[in-house]
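# Structural overview
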Amino acid sequence: MSTFVEFHAIQNVPPSCLNRDDTGAPKDAMFGGWRRSRVSSQCLKRAARKMFANSQLLNEDELGIRTRNIVKLISKKLAEQGETGAISAIETALKAVDLSVKSREDDTPQTEYLLFLSQTGITQLTDVIQSNLAELSNEKLQKDPKKHLKGDLKKKIAECISTSRAVDIALFGRMLADRKDFNVDAAAQVAHAISTNSITRESDFFTAIDDFTQAQEADAGMLGTVEFNSSCLYRYAAVNLDQLIKNLGHDQELAYKGVEAFLRAAAMAIPSGKQNTFAAHTLPEFIGVAVHNTQPISLANAFQKPVWPREHDNGLAAASVVQLQKEVNKLTEAYSLNLGLRVMDLTKVWEGETVASLNELIDQSLFAAREKN
């Protein structure tokens with residue numbers, strides 16, 4: 001039975017547009033028959049990945065990079081080692097393992113789609129290309145590398161591409177349409193955050209003032225609107241610890257470090273959408289971490305019926321925590337569950353044992369994960 005580490009959070013967000021749709025409006029969704037604010041899982045994962053690096057939760061060699069510019073990246077690394085003019089050799093290496101590269105007249109070639117590769121794999125691939133520059137630069141080979149490049153070198157290139165020894169790749173997975181054997185099953189499942197309350201779409205009318213106008217001109221040089229909403233979000237994610245360990249080549253210590261980084265980033269990372277306009281930098285008022293061997297269990301149905309601020313004297317977040325606890329109690333009794341839920345509650349309404357800080361919550365959760373795994 002797999003061990004799951006689940007993250008639940010209640011986060012009150014002031015007027016904001018953290019995650020926009022194609023029209024520039026905040027994303028939303030219908031849930032329980034009511035319109036809710038929504039922040040997509042992709043948006044939340046991106047914020048977490050940025051925090052892994054920016055807050056040094058993980059080292060550079062423990063992370064991956066997602067880019068179409070892998071040819072330029074490797075050529076730069078080779079140039080630093082004194083090898084110039086290696087672009088065609090890099091293209092040949094990639095094409096040999098079915099990774100399509102398209103040439104550009106004005107710049108370095110790009111892969112046809114984003115590649116999500118580990119820093120370790122990129123370093124290894126750079127070394128393999130450098131060691132085999134002469135062969136990879138062969139004119140006959142470059143015409144049809146997939147057909148003519150065989151044996152150990154092709155295998156080494158594939159191994160460099162396929163390595164998933166990067167925590168973000170191991171957590172969030174990788175999919176390459178042309179080479180399914182390079183795919184990585186994600187160890188983490190991240191739900192779209194939805195508001196516990198119903199929302200209505202609102203818009204802000206703004207003007208940009210011209211600082212130097214002629215006498216006959218209006219002061220406003222630009223008029224416009226920006227849509228926003230304010231909401232209390234329920235956020236949920238689950239990490240399959242066994243899958244994470246497998247993805248990381250059975251390096252258990254790196255997997256536990258990855259879980260710690262994931263929990264901290266899930267709690268602290270805030271999407272960057274329209275933050276210069278709204279500065280909606282608020283942290284969760286409730287975080288629950290469950291460690292168990294059952295199956296992933298979201299508590300979103302606690303909010304089928306929207307929560308209203310007047311339901312609790314301490315406001316919307318507190319009312320949402322009360323509803324969340326009712327859902328936990330209901331599921332625990334009905335399905336005989338033991339979710340192993342540990343809680344940090346700044347609203348002070350959770351009926352049960354709580355911890356005082358995020359550090360304590362993460363420490364206890366990691367200890368429980370080690371015991372169960």
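It should be noted that the structure appears before, not after, this text.
Below you will find a few notes about this structure.

Calculation criteria
Residues numbered from 1 in each chain as written. Predicted model: local features only at pLDDT ≥ 70, side-chain atom pairs only at ≥ 80, totals over all residues. Heavy atoms only, no water. Helix = DSSP H or I, 4+ residues; strand = E, 2+ residues; numbered from the N terminus. Buried < 20%, exposed > 50% of the residue type's maximum accessible area, 1.4 Å probe, protein only. Contact = heavy atoms within 4.5 Å. Areas by Shrake-Rupley, 256 points an atom, 1.4 Å probe, with all protein chains shown as cover. Lys, Arg positive; Asp, Glu negative; His and termini not counted. Charge placed at Lys NZ, Arg CZ, Asp CG, Glu CD. Expected span 1.5 Å × (residues − 1). Arc of directions from axis to C-beta. Phe/Tyr/Trp six-rings, centres within 6.5 Å; stacked < 30°, edge-to-face > 60°. Salt bridge = Lys/Arg side-chain N within 4 Å of Asp/Glu carboxyl O. Pairing = 2+ DSSP bridges. Axes fitted to C-alpha atoms, helices over the stretch in contact; angles between N-to-C directions. Parallel < 35°, antiparallel > 145°, perpendicular 65-115°, else oblique. Left-handed = near helix turned anticlockwise from the far one by under 90°. Nonpolar A, V, L, I, M, F, W, Y, C, P; charged D, E, K, R; others polar. Disulfide = S-S within 2.5 Å. Core = buried A, V, L, I, M, F, W, Y, C linked by side-chain atoms within 4.5 Å.

### Side note on the overall build of the chain
- Scanning the chain for helices and strands turns up 14 helices and 13 strands.
- Principal-axis analysis of the C-alpha atoms places the extent of the chain at approximately 75 × 75 × 35 Å.
- Here the chain, with 373 residues, has 49% of them falling under the buried criterion.
- Across the chain, contacts joining residues at least 24 apart in sequence account for 73% of those joining residues at least 6 apart.
- Carbon together with sulfur atoms contributes 45% to the accessible area of the chain, which is approximately 18,800 Å² in total.
- For the chain, the distance from the average site of its 43 positive side-chain charges to the average site of its 47 negative ones is 6 Å.

### A short note on helix α14 (residues 358–372)
- With 15 residues, α14 should reach 21 Å at 1.5 Å per residue; the first-to-last C-alpha distance of 21 Å fits that figure.
- Listing the buried residues of α14 in full gives L358, L361, I362, S365, L366, A368 and A369. Looking straight down α14, one finds its buried side chains confined to an arc of 160 degrees; they lie on one side. Exposed residues on α14 whose side chains face more than 90 degrees from its buried face are D363, F367 and E371.

### Re the packing of aromatic side chains
- A complete count under the given rule lists five aromatic pairs for this structure.
- Their ring planes at 80 degrees and their centres at 5.9 Å tell us that W34 and W308 sit as a pair that is edge-to-face. In this pair, W34 sits in strand β3 (residues 34–39) while W308 sits in the loop between β12 (286–292) and α13 (316–335), placing the two residues 274 residues apart along the sequence.
- A relative accessible area of 39% places W34 in the partly exposed class.
- Note on W308: relative accessible area 30%, which makes it partly exposed.

### A short note on helix α4 (residues 119–131)
- Between its first and last C-alpha atoms α4 spans 18 Å; for 13 residues at 1.5 Å apiece the expected length is 18 Å, and the two agree.
- Where α4 is concerned, the buried positions are Q119, G121, I122, L125, T126, V128 and I129.
- Looking at the buried residues of α4, the elements they touch are β4 (64–67), α2 (70–80), α3 (87–96), β7 (115–118), α5 (133–136) and α8 (152–162).

### Focus on the pattern of salt bridges
- One pass over the structure, following the stated rule, counts 15 salt bridges.
- R370 is the salt-bridge partner of E253, the closest N and O atoms lying 3.0 Å from each other. Note that E253 is positioned in helix α11 (residues 252–268) and R370 in helix α14, a separation of 117 residues in sequence.
- Residue class for E253 comes out partly exposed when judged on its relative accessible area of 48%.
- Residue classification places R370 among the partly exposed residues on the basis of a relative accessible area of 40%.
- A single salt-bridge network, built from bridges that share partners, covers D98, K146, R179 and D181.

### Overview of the pairing of strand β11 (residues 220–240)
- Sheet topology places strand β1 (residues 4–16) next to β11; eleven bridges connect them, and they run antiparallel. Note that in β11 the partner of H8 across the bridge is Y236.
- When strand β9 (residues 193–195) meets β11, the two strands line up antiparallel, connected through two bridges. Among the inter-strand pairings, S195 is bridged to a residue of β11, identified as L233.
- Strand direction decides the pairing type here: strand β10 (residues 202–209) and β11, joined by eight bridges, are antiparallel. In the sheet register, F205 faces β11, and the bridge partner there is T225.

### Here we look at the environment of L136
- Counting through the fold element by element, L136 comes out in helix α5.
- Sequence-distant contacts of L136, defined by excluding residues within four places in its chain, comprise A89, T92, A93, I129, L141, Q142, L149 and L153.

### Some details on the packing of α4 against α8
- Contact geometry of α4 with α8 gives a least axis separation of 8 Å together with a crossing angle of 160 degrees. The angle between α4 and α8 places the two elements in the roughly antiparallel class. Along this stretch, α4 crosses α8, giving a crossing that reads as left-handed. Counting all contacts with α4, which are made through G121, Q124, L125 and V128, the residues of α8 involved are L153, K156, I157, C160 and I161.
- Considering only residue class, the contact of α4 with α8 consists of six nonpolar, two polar and one charged.

### Things to note about the state of the cysteines
- Per the counting criterion, the structure on display carries zero disulfides.
- Looking at C17, it has no disulfide partner, and the nearest cysteine sulfur is the one in C43, 9.9 Å off.

### As for the nonpolar core
- Among the nonpolar cores identified, the biggest contains 53 residues, and F7, F52, L171, L244, V259, F262 and I287 are the most heavily contacted of them.
- The element best represented in this core is α11, accounting for ten residues.
- Beyond its immediate chain neighbours, meaning those up to four positions away, L244 contacts A170, L171, A187, V239, A255 and V259.
- Judged by nonpolar contacts, the second largest core, of 30 residues, contains V71, A93, L99 and A158.

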